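Here are the chains, one letter per residue:
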Amino acid sequence: MATLADLAEEPAVQLEVRGPPVPIIERYYTKHYAVDVNGHAREDFCVLQHSNRVCVVCLAPSHVLLSEGEILSVDYQIGKVDRRKNQVSGKRKRGGQKLTPRSPLCLITLKDGKQFILYSCVKAFLLETNENLITNPNLLLSKPLGEGYIAIVMSKLEDADKVCSQLLSEEQYKDALRDSTTGTKLQMKK
């Protein structure tokens, strides 16, 4: 049996730190991209897909809105549909509004009067809109892949793999950005 004196002579355990901690988005989500959504140049979106098939819809770093100026308002009522009145319930999140890749999620109005419609980019059900954007719309600009997310959506179990396979991977997105400066156009996969 080891005595207290024996334990004191043991060398201290050295922990090796291998760089900064990996951000949560990098660790738990896969990034997918939709570029030039609905034919609008530089209206690009990022869809963060979790392994549980929940997706977070965000602005991509190349979205034109990020360079346009200050946001006056975010309105989740598009025509007759109010995305804020979405009601989901239960473990399987039943009752969410059905979305297609072309479904509008919200209307953004800038201080200069310009307006942008932000789209879902994926076939899914709406789980939640970002209520923080109503009171602090510039979160879209300052933290687009975090607190400034647009909405949280979830695809059907049988569609989960198909949904994001129609979007661009991070590498394809970077290639698309490079190609857009040379005049080549790369959009969502068919």
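Everything below is about the structure printed above this text.
Here, residues in each chain are numbered from 1, in the same order as that chain's written sequence. Where totals are concerned, whole chains, interfaces and linings use all residues; where local detail is concerned, this predicted model gives features only for residues with pLDDT of at least 70, and gives and counts side-chain atom pairs only at 80 or more. Excluding hydrogens and water, the side-chain values take into account all heavy atoms of the structure.

Asker: For this particular structure, what's the right way to read the side chain of Ser120?
Answerer: Topologically, Ser120 is positioned in the loop between strand 9 (115–119) and strand 10 (124–129). As used in this structure description, the phrase polar contact means that two N or O atoms lie within 3.5 Å; if the pair is within protein, one of them must be able to donate a hydrogen and the other to accept it, and residues adjacent in sequence are counted only when both atoms belong to side chains. For Ser120, the side chain forms a polar contact with the main-chain oxygen of Thr100, separated by 2.5 Å. Labels follow the DSSP assignment, with helices taken as runs of H or I lasting at least four residues and strands as runs of E lasting at least two, numbered in each case from the N terminus.

Asker: What am I meant to see in the sheet that holds strand 8 (residues 104–110) here?
Answerer: Within a beta sheet, neighbouring strands are joined by backbone hydrogen bonds and run either parallel or antiparallel to one another. Any two strands with at least two DSSP-identified bridges between them are counted as paired. The 3 strands are arranged 4-8-9 in an open sheet whose pairing can be described as antiparallel. Unpaired on one side and paired on the other, strand 4 (71–75) and strand 9 mark the two borders of the sheet. Each strand of the sheet is rotated relative to its neighbour by a mean of 25 degrees, with strand direction disregarded. Here strand 4 runs beside strand 8; their pairing, made up of 4 bridges, is antiparallel. Directly across from Ser73, in strand 8, lies its bridge partner Thr109. Structural elements are reduced to axes, namely lines fitted to C-alpha atoms, with helices fitted over the stretch in contact, and the angle between N-to-C directions of any two is expressed from 0 to 180 degrees.

Asker: Is there a simple way to think about the environment of Ser120 in this case?
Answerer: The buried label applies to any residue whose accessible area, calculated with a 1.4 Å probe on protein chains only, is under 20% of its type's maximum; exposed applies above 50%, and partly exposed to all values in between. In this structure Ser120 comes out as buried when scored by relative accessible area, which is 0%. Residues Ser120 and Ala151, spaced 31 residues apart in sequence, show a C-alpha to C-alpha distance of 8.0 Å.

Asker: In this structure, what is going on with the sheet that holds strand 3 (residues 54–59)? I would like to understand it.
Answerer: With respect to topology, 6 strands assemble into an open sheet ordered 1-2-3-11-10-7, the strand pairing being antiparallel. With partners counted over all chains shown, the strands left at the sheet margins are strand 1 (29–34) and strand 7 (98–99), one partner each. Pairing of strand 1 with strand 2 (residues 45–50), which is carried by 6 bridges, proceeds in the antiparallel orientation. For Tyr29, the partnering residue across the bridge sits in strand 2 and is His50.

Asker: Honestly, the pattern of salt bridges in this entry has me stumped. Any pointers?
Answerer: Two side chains that carry opposite charge are able to pair once their charged atoms sit near each other. Every case where a carboxyl oxygen of Asp or Glu lies within 4 Å of a side-chain nitrogen of Lys or Arg is listed as a salt bridge. Within this structure, the stated rule accounts for 7 salt bridges. Across the pair Lys111 and Glu70 runs a salt bridge, and its minimum N-O distance is 3.6 Å. Here the residue Lys111 occupies a position in the loop between strand 8 and strand 9, and Glu70 occupies one in the loop between strand 3 and strand 4, the gap between them amounting to 41 residues. We note a salt bridge from Lys143 to Glu147, for which the minimum N-O separation is 3.0 Å. What makes Lys143 partly exposed here is its relative accessible area of 39%. Ionic contacts of the salt-bridge type, sharing partners, join the residues Lys123, Asp159 and Lys162 into one network.

Asker: I would appreciate a short explanation of the nonpolar core in the present structure.
Answerer: Note on soluble globular proteins: their nonpolar side chains tend to be buried together. We define the nonpolar core as a collection of buried residues of types Ala, Val, Leu, Ile, Met, Phe, Trp, Tyr and Cys that are connected through side-chain atoms lying within 4.5 Å of one another. Judged by nonpolar contacts, the single largest core of 33 residues is most densely connected at Leu65, Val74, Ile108, Leu118, Leu140, Ile150 and Val153. For this core, the element with the highest residue contribution is strand 8, accounting for 4 residues. Among the nonpolar cores identified, the runner-up in size contains 15 residues, and Cys46, Cys58, Leu168 and Ala176 belong to it.

Asker: So what exactly am I meant to see when it comes to the packing of aromatic side chains here?
Answerer: Any two aromatic rings considered together are summarised by their centre-to-centre distance and by the angle between their planes. Ring pairs shown here join Phe, Tyr and Trp side chains whose ring centres sit within 6.5 Å, with only the six-membered ring taken for Trp; geometry is labelled stacked below 30 degrees between planes, edge-to-face above 60, and tilted in between. All chains considered together, the criterion is met by 1 aromatic pair. Measuring from centroid to centroid gives 3.8 Å for Tyr33 and Tyr173, while their planes differ by 5 degrees, and the two rings are stacked. Linking Tyr33 in strand 1 with Tyr173 in helix 6 (residues 170–182), this pair joins segments that are 140 residues apart in sequence. Under the relative-accessibility criterion, Tyr33 is labelled buried at 2%. According to the relative accessible area criterion, Tyr173 is buried, its value standing at 4%.

From the geometry alone we can't say anything about function, so treat these as descriptive.
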